[in-house]
Amino acid sequence: MGAYDEAEHERREKKTSEVDADFDAERPEYSGSLTYDSGDSAEALLDKFQELNGA
């Protein structure tokens, strides 16, 4: 490891403490719909699992 450089430490600390507010803070709005498919029942899934395992 290199020697401790206090000036470098202070420079990095200052750089990381600054807030970058140059970006557009406005959030985009999305529109649409969401559907959820719960799939088969637990029993149907277990039956399929047993079928695939050859039981």
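Now for a description of the structure that goes with this document. (Residues numbered from 1 in each chain as written. Predicted model: local features only at pLDDT ≥ 70, side-chain atom pairs only at ≥ 80, totals over all residues. Heavy atoms only, no water.)

Take the overall build of the protein next. Along the backbone of the protein there are two helices and zero strands. Each of the 55 residues in the protein was classed as buried or not, and the buried ones make up 0%. When the accessible surface of the protein is summed, it comes to about 6,300 Å², and 50% of that surface belongs to carbon and sulfur atoms. (Helix = DSSP H or I, 4+ residues; strand = E, 2+ residues; numbered from the N terminus. Buried < 20%, exposed > 50% of the residue type's maximum accessible area, 1.4 Å probe, protein only. Areas by Shrake-Rupley, 256 points an atom, 1.4 Å probe, with all protein chains shown as cover.)

To continue, consider the environment of Arg-11. Structurally, Arg-11 is set in helix H1 (residues 6-17). Taking relative accessible area as the criterion, Arg-11 reaches 43% and is therefore assigned partly exposed. A polar contact is formed between the side chain of Arg-11 and the side chain of Glu-8, at a distance of 2.8 Å. (Polar contact = N/O pair within 3.5 Å; in protein donor to acceptor, adjacent residues only side chain to side chain.)

Summed over the entire model, instances satisfying the criterion amount to three salt bridges. Between Glu-8 and Arg-12 there is a salt bridge, and its shortest N-O distance comes to 2.6 Å. Taken together, the positions of Glu-8 and Arg-12, both in helix H1 and four residues apart, correspond to about one turn of that helix. Exposure remark for Glu-8: the relative accessible area of 25% places this residue in the partly exposed category. Across the pair Lys-48 and Glu-51 runs a salt bridge, and its minimum N-O distance is 3.7 Å. With a gap of three residues between them, Lys-48 and Glu-51 both fall in helix H2 (residues 42-52), about one helical turn apart. Several salt bridges converge on common partners, so that one network encompasses Glu-8, Arg-11 and Arg-12. (Salt bridge = Lys/Arg side-chain N within 4 Å of Asp/Glu carboxyl O.)

Turning our attention to H1. With 12 residues, H1 extends 16 Å between its outermost C-alpha atoms, agreeing within 8% with the 16 Å of an ideal straight helix rising 1.5 Å per residue. Here H1 starts with a cap whose side-chain oxygen sits 3.3 Å from the backbone nitrogen of Ala-7, and that cap is Asp-5. (Expected span 1.5 Å × (residues − 1).)

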